[in-house]
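# Fold and contact review
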Amino acid sequence: THTTHTHTHTHTNTHTHTQMAHAYTVPAAGDISKAGDGKSLLEHIVADVKALLAAKNCGPILIRLSWHDAGVFSNGSLKGGCPNAVMRFTDSGEGTFEANAGLTDVAIGLLKPIADKYVTAGVISNADLWALAANVAIEFMGGPHVVTRFGRPDAKDSGESVESQVGRLPDGDKGVSHLREVFAPKGFDDRDIVALSGGHTVGGCKQQRSGFDGLWTEAPLVFDNSYFTDLLEKTYRPETVEATGCPQHRSDKGTIMLISDLALLEDAAFKSVVEEYAADQSRFFADFVSAWTRLQENGVGDLLRDELAPPK
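Here's what I pulled together on the structure shown here.

By size, the foremost hydrophobic cluster in this structure holds 78 residues, and its most contacted members are I45, I124, F228 and W292. Here this core takes nine residues from helix α5 (residues 126-140), the largest share from any one element. Once you skip the residues sitting within four places of it in the chain, F228 turns out to touch V194, G198, V274, Y277, A278 and F284.

Structure, rendered in structure tokens:
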């Protein structure tokens, strides 16, 4: 099986080469518990994430980081997995999964100054920071507000990883039945699957990470419903990525869809939801927030609380 062809997972920072010229530094920490400007600690973290997003245009890869941290959860024939930031460890486990190429170095590297400031001070866990950063990114790019709850414990070492990405993270070169087989054990129905696939409205694929190559939409840093309107309105022709042999489809506008994206048009239950979201962005946003929040909280729900508090 082509386990490199992961699916929601190739959200990348498409502007890395132009953005890295702008040095980004987190505002100095000082004693962050006594900031004195009336802002809560949470507001300080959010402001620092927004500054990072503005400097680096890295929203899509931060979304992918949270998705892959939490998305390994399963409660079917495969058990366990939870958002625990275990990708920080690259000696074995999730930090070595092909599906996570680009996350362990680029995404975690982008967040490192913020983690050094707040995680090191005991204010927030890495796993909570990853969830929060993704949610800030979604709204920053024009998407819906997502409430983050806190209390995800960080893994202590790579031994807290799941055994494999297989059956836990979807493959971009597979279709309808594969999507249901992967997502149903996480508690997601057809509507949830279509809503979560809509995360492909931002970002793109880099062949050196996923084997696929291209952007899903013409505005990869705008979180809207254009993924669904593109699915219905554009014509996609099959192609193979020359360097990797991966199958995908490309429109005359140069944007791409994976086999797992076009699968949403092949199944009547999926397609009716695609049509609904293409016609009504607010319905997409509401359903996305519902499914995405459950994804981020799978396996840790009993531990979470509304307020930011030091990780246990």
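Structure shown, so let's carry the discussion forward.
What follows covers the pairing of strand β5 (residues 236-240). Where β5 meets strand β6 (residues 247-251), five bridges bridge the pair, whose relative direction is antiparallel. By the bridge assignment for β6, R237 is matched with R250. Hairpin connection of β5 to β6: six residues between the antiparallel strands, including G245 at a positive phi of 80°.

An ideal rise of 1.5 Å per residue puts 24 Å on 17 residues; helix α11 (residues 281-297) measures up with 24 Å between its terminal C-alpha atoms. Residues F284, F285, D287, F288, A291, W292, T293, L295, Q296 and E297 constitute the buried set of α11. The inward-facing, buried residues of α11 contact α3 (59-70), α5, α7 (190-197), α8 (226-233) and α10 (268-279). One or two steps after α11, the chain reaches G299, where phi turns positive at roughly 85°.

Next up on the list: the sheet that holds strand β7 (residues 256-257). A sheet is described by the order of its strands in space; here three strands give the open sequence β5-β6-β7, paired in antiparallel fashion. In this open sheet, the two edge strands, each paired with only one partner strand, are β5 and β7.

We now examine the pairing of β6. For β6 and β7, the ladder comprises two bridges, and the chain directions are antiparallel. Its bridge partner lying in β7, R250 is registered against I256. Counted between consecutive antiparallel strands, the loop separating β6 from β7 contains four residues, among which G254 sits at a positive phi close to 90°.

Parameters at a glance
Residues numbered from 1 in each chain as written. Predicted model: local features only at pLDDT ≥ 70, side-chain atom pairs only at ≥ 80, totals over all residues. Heavy atoms only, no water. Core = buried A, V, L, I, M, F, W, Y, C linked by side-chain atoms within 4.5 Å. Buried < 20%, exposed > 50% of the residue type's maximum accessible area, 1.4 Å probe, protein only. Helix = DSSP H or I, 4+ residues; strand = E, 2+ residues; numbered from the N terminus. Contact = heavy atoms within 4.5 Å. Pairing = 2+ DSSP bridges. Expected span 1.5 Å × (residues − 1).

Read these as geometric descriptors, not functional statements.
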